Each structure stands twice: as structure tokens, then as C-alpha cells.
Amino acid sequence: MSNQLSAMLRAWRDGKQNTEWVLGTVYRTEGSAYRKAGAMMLINGQGQQFGLLSGGCLEADIIRNARRAMVTGKTVMLVYDGNDEDDLSFRLGVGCGGKVFIMLQPLDQKNDLGLSDLSKALTERQSGLYFQKIGDIAGYFKRADHTVQRSAHIENRSDGDWLVTPIVPEPHILIVGGGLDARPVVNIAHEMGWKTTLVDPRVANARPEHFPKADMILRKIDRSLAGHVAHHRVDAAILMSHSIGIDADALCALHNSRLRHLSMLGPRHRFADVLDRAGLSEHALSFPVASPAGIDIGGQLPESIALSMLSGIHAALYKYNVAPALAQAAE
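Remember, it's a predicted structure, so these values are computed and weren't measured experimentally. (Residues numbered from 1 in each chain as written. Predicted model: local features only at pLDDT ≥ 70, side-chain atom pairs only at ≥ 80, totals over all residues. Heavy atoms only, no water.)

Participant: So what exactly am I meant to see when it comes to the sheet that holds strand 4 (residues 76-81) here?
Facilitator: What holds strands together in a sheet is hydrogen bonding between their backbones, with the strands either parallel or antiparallel. What the 5 strands build is an open sheet, ordered 3-2-1-5-4; its pairing is antiparallel. Two strands bound the open sheet, and with one partner strand each, they are strand 3 (49-50) and strand 4. In this sheet, strand 3 lies alongside strand 2 (residues 40-44) in antiparallel orientation, the contact comprising 2 bridges. Across the sheet, the residue bridging to Ile 43 is Gln 49, located in strand 3. Lying on the sheet, helix 1 (residues 5-15) is in contact with strand 1 (21-30), strand 2, strand 3 and strand 5 (99-107); it crosses strand 2 at an angle near 25°. (Pairing = 2+ DSSP bridges. Helix = DSSP H or I, 4+ residues; strand = E, 2+ residues; numbered from the N terminus. Contact = heavy atoms within 4.5 Å. Axes fitted to C-alpha atoms, helices over the stretch in contact; angles between N-to-C directions.)

Participant: When you look at the environment of Gly 245 in this model, what are you seeing that I'm missing?
Facilitator: Here Gly 245 lies in helix 7 (residues 244-254). Taking the C-alpha atoms as reference points, Gly 245 and Asp 108, 137 residues apart in sequence, are found 55 Å from one another.

Participant: What exactly am I supposed to notice about the sheet that holds strand 12 (residues 216-218) here?
Facilitator: Reading across from one edge, 12-11-10-13-14-15 is the order of the 6 strands in this open sheet, with parallel pairing throughout. Lying at the two open borders of the sheet, with one neighbouring strand each, are strand 12 and strand 15 (289-290). Relative to strand 15, strand 14 (residues 261-264) runs parallel, the two being bridged by 2 bridges. Across the sheet, Ser 263 pairs through a bridge with Ala 290, a residue of strand 15. Across the sheet, helix 6 (residues 224-231) is in contact with strand 10 (172-176), strand 11 (195-199) and strand 12; its angle to strand 12 comes to roughly 165°.

Participant: Honestly, the pairing of strand 13 (residues 236-239) in this entry has me stumped. Any pointers?
Facilitator: A regular strand places its side chains on the two faces of the sheet in alternate fashion. Of the two faces of strand 13, the one lined by Ala 236 and Ile 238 and the one lined by Ala 237 and Leu 239 are each fully buried. Two elements, strand 10 and strand 13, share 4 bridges in a ladder whose sense is parallel. Each bridged residue has a counterpart across the sheet, and for Ile 175 the counterpart in strand 13 is Ile 238. Examined bridge by bridge, strand 13 and strand 14 share 4 bridges and lie parallel to one another. Directly across from Ala 236, in strand 14, lies its bridge partner His 261. (Buried < 20%, exposed > 50% of the residue type's maximum accessible area, 1.4 Å probe, protein only.)

Participant: Honestly, the pattern of salt bridges in this entry has me stumped. Any pointers?
Facilitator: Here the idea is simple: oppositely charged side chains can pair when their charged atoms come close. Under the counting rule described, the total for this entry stands at 13 salt bridges. A salt bridge links Asp 61 to Arg 64, with the nearest nitrogen and oxygen atoms 2.6 Å apart. Of the two residues, Asp 61 and Arg 64 are both situated in helix 2 (residues 59-72); the distance of 3 residues between them amounts to about one turn of the helix. Here Asp 61 falls in the buried class, since its relative accessible area comes to 13%. Overall, Arg 64 belongs to the exposed group, its relative accessible area being 54%. The partner of Arg 143 in a salt bridge is Glu 124, with the nearest N and O atoms 2.8 Å apart. Of the two residues, Arg 143 sits in strand 7 (residues 139-143) while Glu 124 sits in the loop between helix 4 (115-123) and strand 6 (128-133), which places them 19 residues apart along the sequence. In this structure Glu 124 comes out as partly exposed when scored by relative accessible area, which is 38%. Connected through salt bridges with shared partners, the residues Arg 125, Asp 235 and Arg 260 form a single ionic network. (Salt bridge = Lys/Arg side-chain N within 4 Å of Asp/Glu carboxyl O.)

Right under this line is the structure:
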């Protein structure tokens, strides 16, 4: 089970008729904390948890308190202080040393806190904002094409304080090329809860039995590929077919699409060759290109290269500049 929100909601949706459920949410932190405000977790009456609100050290106590929320039908408020010697989190040896504020809101058939709307939006790959009233059993989801605020924050209203959490669907990546080195890309992406579309016109490649975790496998690289990207809201693409002709065809099909990022496997001069074959200039592309693909982690094997490429896409999609972090780590 992925810790991604959509996977958690799928588990809740499939089992909500069979047992009680509680939504646990970090609504505030002070100092260092493993999870930040907006982190969610679902707990059911069978003691099963979906998601994490800490590194795993507080979950047993959170589940115990979730039972209290189920029995009373009221929101349970928790505070874990890693600096207080008398606090449970300190005794458990939680290393972050910060303070975490958590609320446990019971769910029922009449009030699901807007999780059905949220789950439907994620299934349709729609973004939005999720509102939860702190200390109360109230919540709702509002769709929005763009969420300016990227982190959860508290709004002070006349009726109380509300946690507002931006919701963005998990990334969907298009992988052009279904060779042996594409297998770990699909597998690692699946472990992260990402969606993947694999495309390769060659019959011997991208065989379903070799890519059981791919969400979709396509065989045509033409104008319909841009339509697929638009319809499924694909975020990023990797060109790794090891064929200049196939990569060029894909670039022609995608050059004016709404991709947010494209990675090109191979040295920089190969990207120039692909552009030349496609009859395009880099300025004609509607998205930024990473060539060579990924972050240089010194890997040579397919698994390491896959990790490098997916790390580069993760950094690009989540607006994180890896250069200062890598420089600091090298010091």
C-alpha cells in the first residue's frame, strides 16, 4: 500500500461500509518534525493504518487514540513534544525534537468530511484545496485548477480555525522506450505511487509481462500522444528508447504539449541530434528539458540510473533546487 493520499482514500472507499474510520491529520508543527502540516493518515476499526503521521514511532499511540474518537464520536486532539522528558514522544526516542499537533476526526456515513469529493477529484487528476475545521468534525474539498499555496496553512475565520491543505494528484510520467532499463523506472515510480504510461512501437519492447506495474502501455507515437498527455494530465516524460528516430518522433508529437518537464537519456550532443532529426529547436519546446537526464549520483546500473532520472523529475515537479543541497552534501 502506497502512502500517497489517493491510495489511502482508495482503501477507505473500499472498506468504509464494513468498519469505523478516523482521519488523522497533522495540523501544526513547531521545530523539526518528520511530517508537516497537512499530512494525513486513515485508521479503521480493525486497527489498520494507511499512511504515516510520523516516522512510525507514534503510530501505535495514534491508533489507540483513534479508537477513542470512534467510541465517543468526537474529535481527539493530540500533542507530541519531542523536547519534553515527560512526553510520550520523548520517551519513545523520537529524534526530531519538535512538537507535532494532530487531530483525529471520526468519519461516518452522514459526514465523511468531504473525502468522497476529494477521492473523486484525485481519480480524475484534479487539484484543489481541502478544508478541515480544527477541533471539530467538519471538512470539505473545493476543486481548483491551480493552487498558489503549496503548503498547508491555518485560516482564522469567524467560526474558528481551519486547516487548508493544497491537494495535487500524484505525478503521471510518460516513458518512451520499453527496454530492459525502463523496467526499474516503472517499478520505482509505482512504489512512489506515481502513474506511468509506457510507449514503444517496437513489438519486442514494452511487453506487458515485463511491465506488470505500468498503468498503460501504448504502441503508437503520433499526434494522439499529445492527446493522451492532455487527457490523462501527464506531468513529465522520459525519452529513453535508445533510438534517435523514435525519440525524435516522440518529441515532434509532444513539443507543444502541456508537459511540465522532459528528461532525455544520453549525453547532451544526443539531444541536439534528436532535435535535428525532429526539425525542432529547443526554443520551440513548451517545456524545460533535462539533458542528460536526472541527477548525477554516480550510478551506472539501470536501477541507479532510474533512481537518478526519477529524482530529477521529482525535483523539477516539486520546485526543489537540488544544486545547493548536493553542494552542501559534498562539503
